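Understanding the architecture of this molecule
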Amino acid sequence: MLEKQDYKILKYMSKFDKIHIDKILERFPESKYSTKFRIEKLSKVKYSDSGFPLSNSSYISELRKKDDEDPFGNLAYTGIYELTELGYAELQDHKSQILDY
């Protein structure tokens, strides 16, 4: 279940197509909001019983790029995040629930 601060982070992120973690931390300081923990929670992917990642199972995702220095061609994390379809839908549902009260 998402908390009030999680929704604030999602709402802030929705203002941008993509946003770097540093900009999120400027708006939501780690010492006050536990922002890194919240980002990790919001970006956590769920897996099927057979161990495959489920699409659209996280609220945000971190963009990755090919690591040119990795001889195996693994992807490197960029620190840049974007809302997923699930993230946008959750934010819309939350806004709708607030308006219904």
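First, a word on scope: everything that follows refers to the structure included in this document. Everything numeric in this text was worked out from a predicted model, so none of it was measured.

For the rest of this paragraph, the subject is the nonpolar core. Counting 19 residues, the largest nonpolar core has Ile 9, Leu 10, Met 13, Ile 24, Ile 39, Leu 42 and Ile 60 as the members making the most contacts within it. Secondary-structure elements contributing two or more residues to this core are helix H1 (4-13), helix H2 (21-27), helix H4 (35-42) and strand E3 (75-83). For this core, the element with the most residues is H1, which contributes five residues. Sequence-distant contacts of Ile 24, that is, excluding residues within four places in its chain, are made with Ile 9, Tyr 12, Met 13, Ile 19, Thr 35 and Ile 39.

So, about the layout of surface pockets. For the largest pocket, the calculated volume is near 340 Å³. As for the largest pocket, its lining consists of 16 residues, and the residues nearest its centre are Ser 43, Val 45, Ser 61, Glu 62 and Tyr 77. Looking at the lining of the largest pocket, the elements with two or more residues in it are strand E2 (60-66) and E3. Ranked by residues supplied to the lining of the largest pocket, first place goes to E2 with five residues. Looking at the lining of the largest pocket, its residues break down into six nonpolar, six polar and four charged. In this model, the second largest pocket occupies a volume close to 220 Å³. Forming the walls of the second largest pocket are Lys 4, Tyr 7, Lys 8, Lys 11, Tyr 12, Lys 15, Arg 27, Phe 28, Leu 91, His 94, Lys 95 and Ile 98. Elements with a minimum of two residues in the lining of the second largest pocket: H1 and helix H5 (85-100).

All right, on to the sheet that holds E2 then. Strand order in the open sheet made by the three strands is E1-E3-E2, with antiparallel pairing throughout. Here the strands that pair on one side only, and so sit at the sheet edges, are strand E1 (19-20) and E2. Examined bridge by bridge, E1 and E3 share two bridges and lie antiparallel to one another. Looking at the pairing, Ile 19 lines up with Tyr 81 of E3.

How each quantity is defined
Positions within a chain are numbered from 1, following the residues in the order the chain's sequence is written. Since the coordinates come from a predicted model, pLDDT governs what is reported: local features require at least 70, and pairs of side-chain atoms require 80 or more to be given and counted, while whole-chain, interface and lining totals use all residues. Excluded from the side-chain calculations are hydrogens and water; all other atoms, namely the structure's heavy atoms, are used. For this analysis, a nonpolar core means a set of buried residues of the types Ala, Val, Leu, Ile, Met, Phe, Trp, Tyr and Cys, connected via side-chain atoms within 4.5 Å. Buried residues are those whose accessible area, probed at 1.4 Å on protein chains only, stays under 20% of the maximum for their type, while exposed residues exceed 50% and partly exposed ones sit between those limits. Here a helix means four or more residues in a row that DSSP labels H or I, a strand means two or more in a row labelled E, and each is numbered from the N terminus. Contact criterion: two residues are considered in contact whenever any of their non-hydrogen atoms come within 4.5 Å of each other. Grid points spaced at 1 Å over the protein atoms alone were grouped into cavities, where a 1.4 Å probe fits but cannot get out, and pockets, open sets with protein on both sides within 12 Å along at least five of seven lines, with lining residues defined by an atom within 4 Å of a point. Grid points are joined across faces, edges and corners, and a volume is the space filled by probe spheres set on the points. Gly falls in the polar group here, along with every residue not listed as nonpolar (Ala, Val, Leu, Ile, Met, Phe, Trp, Tyr, Cys, Pro) or charged (Asp, Glu, Lys, Arg). If DSSP finds at least two bridges between two strands, the strands pair.

Worth remembering: the numbers are spatial, not functional.
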